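Below, each chain spelled out in residue letters.
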Amino acid sequence: MCGIAGLIWKGGASSDIGSEMTKMLQALKHRGPDSTGFALYGKAEEGVQVLRFKVAEQEEMKTGFDIHRQVVERRAAVDTRLKELGAVVTQEEQATEYAFRYHFKFDGDLKRLIDFLEDLEGVEILSVGKALELIKDMGDATVVSEQYGIPGFVGTHAIGHTRMATESDVDIRSAHPYWAYPFNDVSVVHNGQLTNYWTMRRDLERRGHRFVSNCDSELIAVYIADAIDQGEDLESAMRRSVDVIDGVFTYLVATSDQLGMAKDAMSAKPMVLYESDEFVGLASEEVAIRSIFPHEIDTWDPYQSEVKVWAA
Amino acid sequence: MGGITNSTSTGAVTASHNMGLHEEQLGGRTQQRFFSASEEENFTYPWAYEVDTNKSAEFDAADMEITDINLKIRDLMKAGHGTITVQNPRAKHSLGVGILNKLNLNFEGSLGYFGGGCTDGANIHISGRVGWSCAENMMSGTIVIEKNAGSLFGAAIRGGDLVCKGQAGARVGIDQKGGTIIVGGSVGAFTGFMMQRGRMIILGDASDNLGDSMYDGTIYVAGKIASLGVDCVETEMTDLDRRYLKGKLDLYGMAAPNGIENMIKLTSGKQLWNYDNLEASEKKLVL
């Protein structure tokens, strides 16, 4: 029973979504204390892409043999490979010993670059995007938020996730949000269980898609990526997903300028929706929306098979 | 008829005789207790509070934890307050639960999950909305919600009136065992799923699989029905139904949008009633 939350300021308005999403996810902590993830959409800088990657799992940092030296080596290897393919890193930040954020300029084949980097042991690309910042780690929202300096992040929309691991391990690899590799700025959070995971995963893998974890939620990200790859728009891909994907789910998808939600045919997983002229807030429980809007608001539960998409 | 008798033809005493299995009354092993209308304990709870509804109190719950809010309500009841107003509940879960005496409880705001659950006799008014599983297992009393309700609204209620003036989510009145659920707006999928007794009045539209696998009970719908579930059938509306609907709706200041005469009455077709048929092996035993 994970907790998911999403928010979008309409009409291009921006706000301190970093603090807002932290508050929302902290209110949902009881739904999943294992890990917390944020996908925040800020202002895109011309020609610059943001790369977020990690070179080790948190657990490895405590138990791994000679891990501290390896982490330094792995990062150096990433730098070398970026340079090799002609990516120019303009800014580097280190959030934790094992997680990094790079600004880089690159005109070549993005998929090739990512595959080349992930070929390195322990290296996983969390996200690449012009507007997207994807952050996920162990701990509750406040811990992760402070560790990665999320409060004060100004943007238009965000999705977030507090995870209670049921189907796979407690590690960063299986934490949400999932980035829809290799597409810029697409991320997914999900609450539920997918029952035809292996059937669909094998089908997508045959068509050349990669899976980095054994977490069923990753399927939705890959499914959306596949749909975008085939030129389908977000809303119709999501509508199709309600028929194609089996199981109980409520999920949120964000792109550089859109936020979408979909519910399964049984309406088995919760979602509370608040919509005003300037703002849309969604969460597994109303307490999350109330953490940023303490005054009385009108909210409702969307029905089964419902798909909605909003633009920033 | 052969079957089982209280005495054996040989008169031999077997282990089953010593266990009392041949006696009409089991030897003190049964946990079954029989209801006696004269016993006081059947109507009151020893831990229910004596309250005076003219004595009122209110407090602000904005910065309080869930447990503290419920304890505060209990403390006020202990002090004899019969009308309690809680301000700023802010969609917290499990508020106003387990109240077993008469009480007028007002929430000025919204509740989260399980609001007003397991109550017996309290009159609760909520000016905002409620989350999932509101009034779960309510025994008696009334709960009135001014705005929308989440899924599992009135799950397994056994009595009392549960009223939502807005729309409700999926699985309204799942496993309902008595009482009345009234929803002013539309309801989601699987409303009345495995309903066993009681009545449900829906003034808006009903979504897919209405009354799926219902055992018994009645559902009245004023709006459109997307689809009926297995063994839920439309039946004839009688004068008694119309009088009942008018009385109930008037009580809460509500009205059917197209008039009570255009409402549809649904009940169980009882085609799935196989559970009282004996298994083949059991039949052999009896015959």
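Draft legend 1. Expanded view of the overall build of chain B. Across its full length, chain B carries 4 helices and 11 strands. In chain B, which comprises 287 residues, the proportion classed as buried is 40%. Within chain B, contacts between residues separated by at least 24 positions form 26% of all contacts whose residues are at least 6 apart in sequence.

Draft legend 2. Geometry of the overall build of chain A. When helices and strands are counted, chain A shows 9 helices and 15 strands. Expected size for 312 residues packed as a compact globule is a radius of gyration near 20 Å; at 18 Å, chain A falls within 12% of this value. Projected onto the principal axes, the alpha-carbon positions of chain A cover approximately 50 × 40 × 40 Å. Taking all 312 residues of chain A together, 47% fall into the buried category.

Draft legend 3. Broad picture of the nonpolar core. In this structure, A:A5, A:I224, A:L252 and B:I202 are the most contacted members of the largest nonpolar core, which totals 144 residues. Ranked by the residues each element gives to this core, the list is headed by helix α7 (residues 218-229) of chain A, at 7 residues. Counting only domains with at least three residues in this core, you end up with domain 1 (3-38 + 139-311) and domain 2 (45-129) of chain A.

Draft legend 4. Expanded view of the sheet that holds strand β6 (residues 124-129) of chain A. Residue and element names in this part refer to chain A. Pairing is antiparallel in the open sheet, where 4 strands are placed in the order β4-β5-β3-β6. Edge positions in the open sheet fall to β4 (88-94) and β6, since each of these has one partner strand only. Here the average twist between neighbouring strands, direction ignored, is 20°. By the bridge criterion, 6 bridges tie β4 to strand β5 (residues 99-105) in an arrangement that is antiparallel. Note on β5: the bridge partner recorded for E93 is R101.

Draft legend 5. Structural view of the pairing of strand β13 (residues 272-275) of chain A. Residues and elements named next belong to chain A. Relative to strand β14 (residues 279-283), β13 runs antiparallel, the two being bridged by 4 bridges. When the bridges of β14 are listed, Y274 appears paired with G281. Linkage of β13 to β14, two consecutive antiparallel strands, is achieved through a turn of 3 residues.

Draft legend 6. Quick peek at the interface of chain A and chain B. Contacts between the two partners involve 14 residues from chain A and, on the opposite side, 21 residues from chain B. Partitioning the side of chain A that touches chain B into residue classes produces 5 nonpolar, 3 polar and 6 charged.

Draft legend 7. Quick look at the pairing of strand β11 (residues 264-268) of chain B. Residue and element names in this part refer to chain B. Pairing geometry for strand β9 (residues 218-221) and β11, over 4 bridges, is antiparallel. Of the residues in β11, the one forming a bridge with Y220 is K265. As judged from the 4 bridges shared by strand β10 (residues 232-235) and β11, these two strands associate in the antiparallel manner. Looking at β11, one finds that C232 is bridged to S268.

Draft legend 8. A look at the domain arrangement of chain A. Residues and elements named next belong to chain A. Examined at the domain level, chain A breaks down into domain 1 (3-38 + 139-311) and domain 2 (45-129). Computed from C-alpha atoms alone, the centre-to-centre distance between domain 1 and domain 2 is 24 Å. Across the contact, 12 residues belong to domain 1 and 14 residues belong to domain 2. When its residues are assigned to classes, the side of domain 1 that touches domain 2 shows 6 nonpolar, 3 polar and 3 charged.

Draft legend 9. The arrangement of the sheet that holds β10(B) in detail. All names here are of chain B. Reading across from one edge, β1-β2-β3-β4-β5-β6-β7-β8-β9-β11-β10 is the order of the 11 strands in this open sheet, with mixed pairing throughout. Each end of this open sheet is capped by a strand with a single partner; those strands are β1 (52-60) and β10. Ignoring strand direction, the axes of neighbouring strands in this sheet form an average angle of 15°. The sheet strands contacting helix α2 (residues 66-78) are β1, β2 (81-87) and β3 (103-108), and the helix crosses β2 at an angle near 155°.

Draft legend 10. Spatial organisation of helix α6 (residues 197-206) of chain A. Little of α6(A) sits inside the fold, with 1 of its 10 residues counted as buried. Just downstream of α6(A), A:G208 is the residue with a positive phi angle, here 95°.

Draft legend 11. Highlighting unusual backbone geometry. Omega for the bond connecting A:H176 with A:P177 falls within 30 degrees of zero, at -10°, which places this linkage in the cis form. As for its placement among the helices and strands, A:P177 is situated in the loop between β8 (157-163) and β9 (178-179). Look at the link from A:Y181 to A:P182: it is a cis peptide, with omega at -5°. By the element assignment, A:P182 lies in the loop between β9 and β10 (187-194). Not every positive phi belongs to a glycine, and B:N209 is a case in point at roughly 55°.

Draft legend 12. Seen up close, the confidence of the model for chain B. Residues and elements named next belong to chain B. The share of residues in chain B with pLDDT of 70 or more is 84%, and the mean pLDDT across the chain is 88. Low pLDDT, under 50, characterises residues 1-9; the predicted model gives this stretch 2 contacts beyond four residues in sequence or across chains. Model confidence for the complex: the whole-complex pTM is 0.86, and ipTM, which rates the interface, is 0.86.

Draft legend 13. Just the environment of A:M1, in detail. Residue and element names in this part refer to chain A. On the secondary structure map, M1 appears in the segment before β1 (3-9). Between the alpha carbons of M1 and L120 there is a distance of 33 Å; along the sequence they are 119 residues apart. Those residues in contact with M1, other than ones at most four positions away along the chain, are R31 and M164.

Conventions adopted
- Residue positions are given per chain, counted from 1 along the sequence in the order it is written.
- Chain labels run from A onward and ligand labels from 1 onward, assigned in the order the entries are written.
- This being a predicted model, a pLDDT of at least 70 is required before a residue's local features are given, and a value of 80 or more before pairs of side-chain atoms are given or counted; all residues contribute to the totals for chains, interfaces and linings.
- Helix numbers and strand numbers start at the N terminus; a helix is a DSSP run of H or I with at least 4 residues, a strand a run of E with at least 2.
- Buried, partly exposed and exposed are defined by the number of other C-beta atoms within 10 Å of a residue's own C-beta, namely 20 or more, between the two limits, and 12 or fewer respectively, with C-beta atoms placed from the backbone.
- We call two residues in contact whenever the C-beta atoms placed from their backbones are within 7 Å.
- Just to be clear, the radius of gyration here is over C-alpha atoms, and the globule rule we use is 2.2 Å times residues to the power 0.38.
- A set of buried Ala, Val, Leu, Ile, Met, Phe, Trp, Tyr and Cys residues, joined to one another through C-beta atoms within 7 Å, is what we call a nonpolar core.
- Domain start and stop points were drawn from an automatic or database domain assignment.
- Strand pairing is assigned whenever DSSP detects at least two bridges linking the two strands.
- In this analysis, axes come from line fits to C-alpha atoms, helices being fitted only over the stretch in contact, and the angle between any two N-to-C directions falls in the range 0 to 180 degrees.
- Each residue is assigned to one of three groups, with Ala, Val, Leu, Ile, Met, Phe, Trp, Tyr, Cys and Pro labelled nonpolar, Asp, Glu, Lys and Arg labelled charged, and all others, Gly among them, labelled polar.
- Scored from 0 to 100, pLDDT records how confident the predictor is in each individual residue.

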